[in-house]
Amino acid sequence: MISEVIESKDLKKVAPVFGQLSFDNHEQIVFCNDKDTGLKAIIGIHNTVLGPALGGTRMWNYNTEWDALNDVLRLSRGMTFKSAITGLNLGGGKAVIIGDAKTQKTPELMKRFGEFVHGLSGKYITAEDVGMETSDMDLVRSVTPHVTGISESLGGAGNPSPITAYGVYMGMKAAAKFQFGTDKLEGKKILVQGIGHVGETLVDYLTKEDANVIISDINDERLQYINKTYGAQIYNGDNVYAADMDIYAPCALGATVNDTTIHEIKAKVIAGAANNQLADEVRHGYELQEKGIVYAPDFLINAGGIINVYAELEGYGKDEINRKTENIYNTTLEILDNANANGITTHQAALNIAQNRIETRKNENSK
Ligand code: NAD
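Residues numbered from 1 in each chain as written. Predicted model: local features only at pLDDT ≥ 70, side-chain atom pairs only at ≥ 80, totals over all residues. Heavy atoms only, no water.

J.: It is not clear to me how the pairing of strand β7 (residues 212-216) should be interpreted in this structure. Could you clarify?
T.: Every other side chain in a regular strand lies on the same face of the sheet, so the side chains alternate between the two faces. Extensive coverage of β7 is indicated by the burial of 4 of its 5 residues. Examined bridge by bridge, strand β6 (residues 189-193) and β7 share 5 bridges and lie parallel to one another. Across the sheet, residue Q193 finds its bridge partner in β7, namely S216. You can see the chain leave β6, run along helix α7 (residues 197-208) and come back into β7, and the turn it takes is right-handed. (Buried < 20%, exposed > 50% of the residue type's maximum accessible area, 1.4 Å probe, protein only. Helix = DSSP H or I, 4+ residues; strand = E, 2+ residues; numbered from the N terminus. Pairing = 2+ DSSP bridges. Right-handed = clockwise from strand over helix to strand, strands pointing away.)

Below, the structure is given as structure tokens:
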């Protein structure tokens, strides 16, 4: 009976892992299951040429396990290039836990997840991502040293989100300079989609600079809170992408620039924190370029968080973290200029630099 199912044509057509569209020569993929705590997680290790694979853990209520696998494959690959372009000696990895972080996350589940991370002996180092808090990383720390983003009281660099937001702000200013001739954001209509950990601090920077900030989120409580605290206006139309805006800042989940939205987006700049903003990084990259929309590559401008957690491993302090993150402004401008001069997409220009660094190290390692 089982062999009949395995032999069935439909299942043969499905490429379980190595044939997934998002599979990009990942080194290792680990499926973690624990009946007692209900843990179902996938750890993706994309590339470890530059160092151990570091990347956060996301807890999300995926529609299907395929979606979770697809997400971890895409996210871990993105981490490889993020660390490479930022000049860090880290590889790319990421983990996803399948479930609702609000109702299914327990200390036992987090510790059990930490034990799986520990089993990889440091090849993968975890950190915080969507659905995680610093306190969750502290729980993971109780069972493994291979975790960053733990509380400052435990010797960690704390929550990486504010520094991520600072990097996004720097990248956004650089993209504005390229597109509008000035990096001053005063009066610019900026739509921040997703006002969680990163989005909130970004809104703080933007409102302090007197930008005209519009916010969107699926969480109404957050909207009310951010509106009250920072005076940002809540978007109340029915299609956020088509809203009248100069800059679109995706700070929720990925793939929001896709076949549908690309025809709706009115912004002239896209610069935000979300990972994998382009559903198809090649095609949508070109389409944005053709439309004259400047896209600040996500893995470049949202690197503040990884710079922050890298400090924990390397032992450098806040000044160095800020200096490295501020430099995202210069790198973004260089990449936008480079893409323009060479007629390639901004995403490709950033990817080229990251891939060259990995190739160079690979060649050095093999000597
Ligand atoms: P978070 O979970 O704190 O916030 C995400 C917010 O997005 C929440 O308020 C949620 O309600 C909202 N949201 C979810 N779906 C939405 C939708 N369809 N429309 C509008 N809002 C929606 O996450 P975060 O830590 O702020 O991270 C935001 C993004 O930035 C994620 O994609 C994450 O991977 C990326 N990122 C975060 C960091 C970091 O340091 N936290 C670093 C790099 C990249």
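J.: Sorry if this is basic, but what is going on with the sheet that holds strand β8 (residues 233-234) here?
T.: Backbone-to-backbone hydrogen bonds join strands into a sheet, with any given pair of strands oriented parallel or antiparallel. Within the open sheet, the 6 strands sit side by side as β8-β7-β6-β9-β10-β11. Their pairing is parallel. Each of the sheet's edge strands pairs with one partner strand only, and the pair in question is β8 and β11 (294-295). Bridge count between strand β10 (residues 269-270) and β11: 2 bridges; the pairing is parallel. By the bridge assignment for β11, V269 is matched with V294. Strands in contact with α7 are β6, β7 and β9 (247-250); relative to β6, the strand with the most contacts, it is inclined by about 165°. (Contact = heavy atoms within 4.5 Å. Axes fitted to C-alpha atoms, helices over the stretch in contact; angles between N-to-C directions.)

J.: What's the story with the domain arrangement of the protein chain in this structure? I'm lost.
T.: Splitting the protein chain by domain gives domain 1 (9-75 + 91-154) and domain 2 (161-303 + 330-354). If you average the C-alpha positions of domain 1 and of domain 2, the two centres end up 26 Å apart. Of the residues lining the interface, 10 residues belong to domain 1; the matching set on domain 2 comes to 8 residues. Of the roughly 680 Å² buried between domain 1 and domain 2 on both sides combined, carbon and sulfur atoms contribute 42%. Among the residues of domain 1 in contact with domain 2, R58, W60 and R74 are the three that bury the most area, contributing 57% of the side total. (Domains from an automatic or database assignment. Buried area = accessible area lost by both parts, 1.4 Å probe.)

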